[in-house]
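Here are the chains, one letter per residue:
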Amino acid sequence: MSRKYVIAGNWKMNKNPAEAVALINELKPLVADAACDVVVAVPFVDLPAALEAVKGSKIGVAAQNCHWEKSGAFTGEISAEMLKSMGVGYVIIGHSERRTYFGDTDVTVQKRVRAALDAGLTVILCVGEYLEQREQGVTGEVCAMQTKIALGGVSADEMSRVIIAYEPVWAIGTGRTATARQADEVCALIRATLAGLYGRSVADSTVIQYGGSMNAANAAELLAQKDVDGGLIGGASLKPADFAAIVAAAK
Ligand code: PGA
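Values in this document were obtained by computation on a predicted structure and should not be read as measured data.

A.B. asks: Can you tell me about the overall build of the chain, naming the residues and giving the values?
C.D. replies: Counting its regular elements, the chain contains eleven helices and eight strands. Taking 251 residues into account, the globule formula puts the C-alpha radius of gyration at 18 Å, and the chain, at 17 Å, falls close to it. A principal-axis box enclosing the C-alpha atoms of the chain has dimensions of 45 × 45 × 35 Å. If you sum the accessible surface of the chain, you get close to 10,700 Å²; carbon and sulfur atoms cover 54% of it.

Structure (structure tokens):
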């Protein structure tokens, strides 16, 4: 079993195209020797500039969402096909901010995952519990359910293009990181869910990231856990030196 670490920066609604190019240019030399895959998830309008800026580096580019239809009357939406046609490689789906503020549900997440895979993209699928759910002791059930529904209809072969990001909602942007043990426990549980769906070999080869206030100081401990194969990093991904330190810890 060999899984390669994937460190992805989720820039959220930050940086205009010129600022995106500047950030990527700062980042490039810092991650040139990365032992892991490095991805930056930028706002839609930054995608052309980011794709150009990463040329000659190993940095991959992700979008932060996609719609499930190829085209049509969906004002304000962007299709997976459109992303693919530009040369985008990855798309984040089901981020808790999409679920919380923009009405994404397990069912729409499933539809977006389907569309992204059909278009040939690699999906970074986010799952994670709210604080009340953790306090009620249903973290495992919540994460297993979100994973199962999102992957409904996804084949074992397609799982090579699915990365799962475990992101406890209470840890996102709060500075309150899950402990390494909490992160590993839930990542292991998600892996067990995958084993139930697809068998051990798919489960063992699927990359499962942790996300939620991961930073240069705590990354090494989180990434050292058996079932944590990378990170989805928000705030710290906007600081090149911090993001590069996380990338360096992924080995
Ligand atoms: P954070 O965000 O690192 O700022 O907590 C993580 C995420 O939302 O993916």
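On we go from here.
A.B. asks: So what's going on with the site of the ligand? Which residues, and what values?
C.D. replies: Close contacts around the ligand come from 13 residues, with Lys-12, His-95, Glu-167, Gly-173 and Ser-213 the closest. Between the ligand and the protein, one listed contact pairs an oxygen atom with a backbone N or O atom of Gly-234 at 2.8 Å. Gly-235 has a polar backbone atom sitting 2.8 Å from an oxygen atom of the ligand. Contact with the protein chains removes 95% of the 280 Å² of surface that the ligand exposes when unbound.

A.B. asks: How would you summarise helix α7 (residues 139-150) if you had to cite specific residues and measurements?
C.D. replies: With twelve residues, α7 extends 16 Å from end C-alpha to end C-alpha; this agrees with the ideal 16 Å at 1.5 Å per step. The set of residues buried in α7 consists of Thr-139, Val-142, Cys-143, Ala-144, Gln-146, Thr-147 and Ala-150.

A.B. asks: Give a description of the pairing of strand β2 (residues 37-41) that names residues and reports values.
C.D. replies: For β2, the buried fraction is high: four of the five residues fall into the buried class. Relative to β2, strand β1 (residues 6-10) runs parallel, the two being bridged by five bridges. For Ile-7, the partnering residue across the bridge sits in β2 and is Val-38. Read as a crossover between parallel neighbours, the route from β1 over helix α1 (residues 17-30) to β2 is right-handed. Where β2 meets strand β3 (residues 59-63), four bridges bridge the pair, whose relative direction is parallel. Bridge pairing links Val-40 to Val-61 in β3.

A.B. asks: Quick rundown of the sheet that holds β3? Include the residues and the values.
C.D. replies: The strand order β1-β2-β3-β4-β5-β6-β7-β8 describes a closed barrel built from eight strands, whose pairing is parallel. The mean angle between the axes of side-by-side strands here comes to 25 degrees, regardless of whether they run parallel or antiparallel. Where β3 meets strand β4 (residues 90-93), two bridges bridge the pair, whose relative direction is parallel. Within the sheet, the bridge partner assigned to Ala-62 lies in β4 and is Tyr-90.

A.B. asks: Now, about the side chain of Asp-184: what can you tell me, with residues and values included?
C.D. replies: With respect to the helices and strands, Asp-184 occurs in helix α8 (residues 180-198). Separated by 3.5 Å, the side chain of Asp-184 and the backbone nitrogen of Lys-226 make a polar contact. Apart from the residues within four sequence positions on either side, Asp-184 is in contact with Gln-225, Lys-226, Asp-227 and Val-228.

A.B. asks: Could you give me a rundown of unusual backbone geometry, with the residues and numbers involved?
C.D. replies: One non-glycine residue, Lys-12, lies in the positive phi region at around 55 degrees. Mapping Lys-12 onto the fold places it in the loop between β1 and α1. One non-glycine residue, Ser-213, adopts positive backbone phi at about 55 degrees. Note on placement: Ser-213 falls in the loop between β7 (208-211) and α10 (219-223). Accessibility expressed as a relative area gives 16% for Ser-213, which makes it buried.

Conventions and cut-offs
- Residues numbered from 1 in each chain as written.
- Predicted model: local features only at pLDDT ≥ 70, side-chain atom pairs only at ≥ 80, totals over all residues.
- Heavy atoms only, no water.
- Helix = DSSP H or I, 4+ residues; strand = E, 2+ residues; numbered from the N terminus.
- Rg over C-alpha atoms; globule rule 2.2 N^0.38 Å.
- Areas by Shrake-Rupley, 256 points an atom, 1.4 Å probe, with all protein chains shown as cover.
- Near = heavy atom within 4 Å.
- Polar contact = N/O pair within 3.5 Å; in protein donor to acceptor, adjacent residues only side chain to side chain.
- Expected span 1.5 Å × (residues − 1).
- Buried < 20%, exposed > 50% of the residue type's maximum accessible area, 1.4 Å probe, protein only.
- Pairing = 2+ DSSP bridges.
- Right-handed = clockwise from strand over helix to strand, strands pointing away.
- Axes fitted to C-alpha atoms, helices over the stretch in contact; angles between N-to-C directions.
- Contact = heavy atoms within 4.5 Å.

So, to be careful, I would describe these as geometric facts and stop short of saying anything about function.
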